[in-house]
Amino acid sequence: MLDFKVDEKKCVKCAKCVNDCPGRIIKLSESKIPFIPADKEESCILCQHCLAVCPSAAISIDGVDPLKSVEAKNALSEPGKMDALIRCRRSYRSYLDENVDGAVIKKMLDAAANAPTGVNSRGVKFSVIDDREVMLKFKTEAMKRLTELSAAGKIPEEMAFFADFAQKWNEKKIDIIFRNAPHMIVSYAPKDCPTPDVDCIIALSYFELYAQSMGIGTLWCGMAKWLIAGLLPELKKTLGIGEENVLGYFMLFGRPAVKYARGVQRKAENVNFIKM
């Protein structure tokens, strides 16, 4: 059941919900009150567009109270501030040895949960290491197994650099892969999602930008993905990721140990404007 409800006293009969519905499943009754026919309910993707577009907060769907939603008039960021946030986003490779507050992590996860997904499937899942001691245990186990692979000569030639990483870790505790970050988040999604790979990347992009606004540093960690996906797939089980899922991407995060004084300067140059 969709639990699609309309407060008839609030409804202004504007039909905006009808016109904006992606699936075109909302209809108008003879009295111009919107409703969803029972045989159309299964076509709803629960995007909540109807709730969002209603000017009088008359519509509720899936048990969501429209009065608890953020007002759109409060959602627009000043373009200059948004531009600064994007330009000042950096890849952090130095972190303070301390945990990020759990409430802050939850806010970043909630931001990621609002990222768009193909057909609004919302299948993206996250595995999060939210404690630096757990992160140390995971990293130590990963490096132990990597060292064993290296000693057995089982690292493919194209990934030979991982043997060097293991050596540096064992000899000097230099952490090239995980950068001594106190936390890590991994995105993944069921294989039967319409667009699992892209959905995972978009979700972490939302996570990262919100993290930046909270003073939290992040790093897209391709090294960690190569390590787990290519050399140590058994560690996916440790992360709670089953074989029915597509492994998305890894992101390190924590309180940064370095501060950048300004943003960088880049312009959109590789652009092809289509003329017909």
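Structure shown above.
Computed from a predicted structure; not experimentally measured.

Draft legend 1. Region of the structure containing the nonpolar core. Phe 178, Met 184 and Leu 227 are the most contacted members of the largest nonpolar core, which has 34 residues in total. Looking at this core, the elements with two or more residues in it are helix H5 (132-151), helix H6 (161-172), strand E6 (183-190), helix H8 (222-231) and strand E8 (245-254). The element that contributes the greatest number of residues to this core is H5, accounting for six residues. Judged by nonpolar contacts, the second largest core, of 17 residues, contains Cys 21, Cys 44, Cys 50 and Cys 54.

Draft legend 2. Spotlight on helix H7 (residues 196-213). The terminal C-alpha atoms of H7, which comprises 18 residues, lie 26 Å apart, in line with the 26 Å expected from a rise of 1.5 Å per residue. If you check which residues of H7 are buried, you get Pro 196, Asp 199, Cys 200, Ala 203, Leu 204, Phe 207, Glu 208, Ala 211 and Gln 212. Tucked into the core, H7 has its buried residues touching helix H3 (79-87), helix H4 (102-113), strand E5 (125-129), E6, strand E7 (217-220) and E8. Phi turns positive one or two residues past the end of H7, at Gly 215, with a value near 80°.

Draft legend 3. How the structure looks around H4. The terminal C-alpha atoms of H4 lie 16 Å apart, and with 12 residues this matches the ideal 16 Å at 1.5 Å per residue to within 8%. Those residues of H4 not exposed but buried are Val 104, Ile 105, Met 108, Ala 111 and Ala 112. Looking straight down H4, one finds its buried side chains confined to an arc of 115°; they lie on one side. Exposed and oriented more than 90 degrees from the buried face of H4 are Gly 102 and Ala 113.

Draft legend 4. Just the packing of aromatic side chains, in detail. Under the definition given, this model contains eight aromatic pairs. Ring centres 4.8 Å apart and planes at 35° place the aromatic pair Phe 161 and Phe 162 in the tilted group. By relative accessible area, which is 31% here, Phe 161 ends up partly exposed. Among the aromatic side chains, those forming a connected cluster through ring pairs are Phe 161, Phe 162, Phe 165 and Trp 226. Lys 173 extends its terminal NZ or CZ atom over the ring of Trp 169, reaching a point 5.1 Å from the ring centre.

Draft legend 5. Summary view of the sheet that holds E7. Across the sheet, four strands lie side by side as E5-E6-E8-E7; this open sheet has antiparallel pairing. Two strands close off the open sheet at either side, each with one partner strand: E5 and E7. When the angles between neighbouring strand axes are averaged without regard to direction, this sheet yields 25°. Alignment of E7 against E8, held across four bridges, turns out to be antiparallel. Bridge pairing in E8 links Leu 219 to Leu 252.

Draft legend 6. Here's a closer look at unusual backbone geometry. A positive phi angle, near 55°, is found at Asp 3, a position not held by glycine. By the element assignment, Asp 3 lies in the segment before strand E1 (5-6). Phi at Ala 15 takes a positive value of approximately 65°, unusual for a residue other than glycine. A residue is classified by how much of its surface remains accessible, and Ala 15, at 17% relative accessible area, is buried.

The rules behind the values
Starting from 1, residues in each chain are numbered consecutively following that chain's sequence as written. Since the coordinates come from a predicted model, pLDDT governs what is reported: local features require at least 70, and pairs of side-chain atoms require 80 or more to be given and counted, while whole-chain, interface and lining totals use all residues. The side-chain values count all of the structure's non-hydrogen atoms but skip hydrogen atoms and water molecules. Among buried residues, the Ala, Val, Leu, Ile, Met, Phe, Trp, Tyr and Cys ones that are joined through side-chain atoms within 4.5 Å form a nonpolar core. We call a residue buried when its accessible area falls under 20% of the maximum for its residue type, exposed when it is over 50%, and partly exposed in between, using a 1.4 Å probe and counting protein chains only. Think of it this way: any DSSP run of H or I at least four residues long counts as a helix, any run of E at least two long counts as a strand, and we number them from the N terminus. Helix span, expected: 1.5 Å multiplied by one less than the number of residues in the helix. Contacts are residue-level and defined by heavy atoms, with any inter-residue pair within 4.5 Å sufficient. Throughout, the arc means that of the directions going from the helix axis to the C-beta atoms. Each Phe, Tyr or Trp ring (for Trp, its six-membered ring) is paired with any other whose centre lies within 6.5 Å, and the angle between the two planes then decides the class: stacked below 30 degrees, edge-to-face above 60, tilted in between. Put simply, a charge is over a ring when the Lys NZ or the Arg CZ is close to the ring centre, within 6 Å, and near the line of the ring normal, within 35 degrees. When DSSP finds at least two bridges between two strands, those strands are taken to pair. Geometry is summarised by axes, namely lines fitted to C-alpha atoms with helices restricted to the contacting stretch, and by angles between N-to-C directions that run from 0 to 180 degrees.

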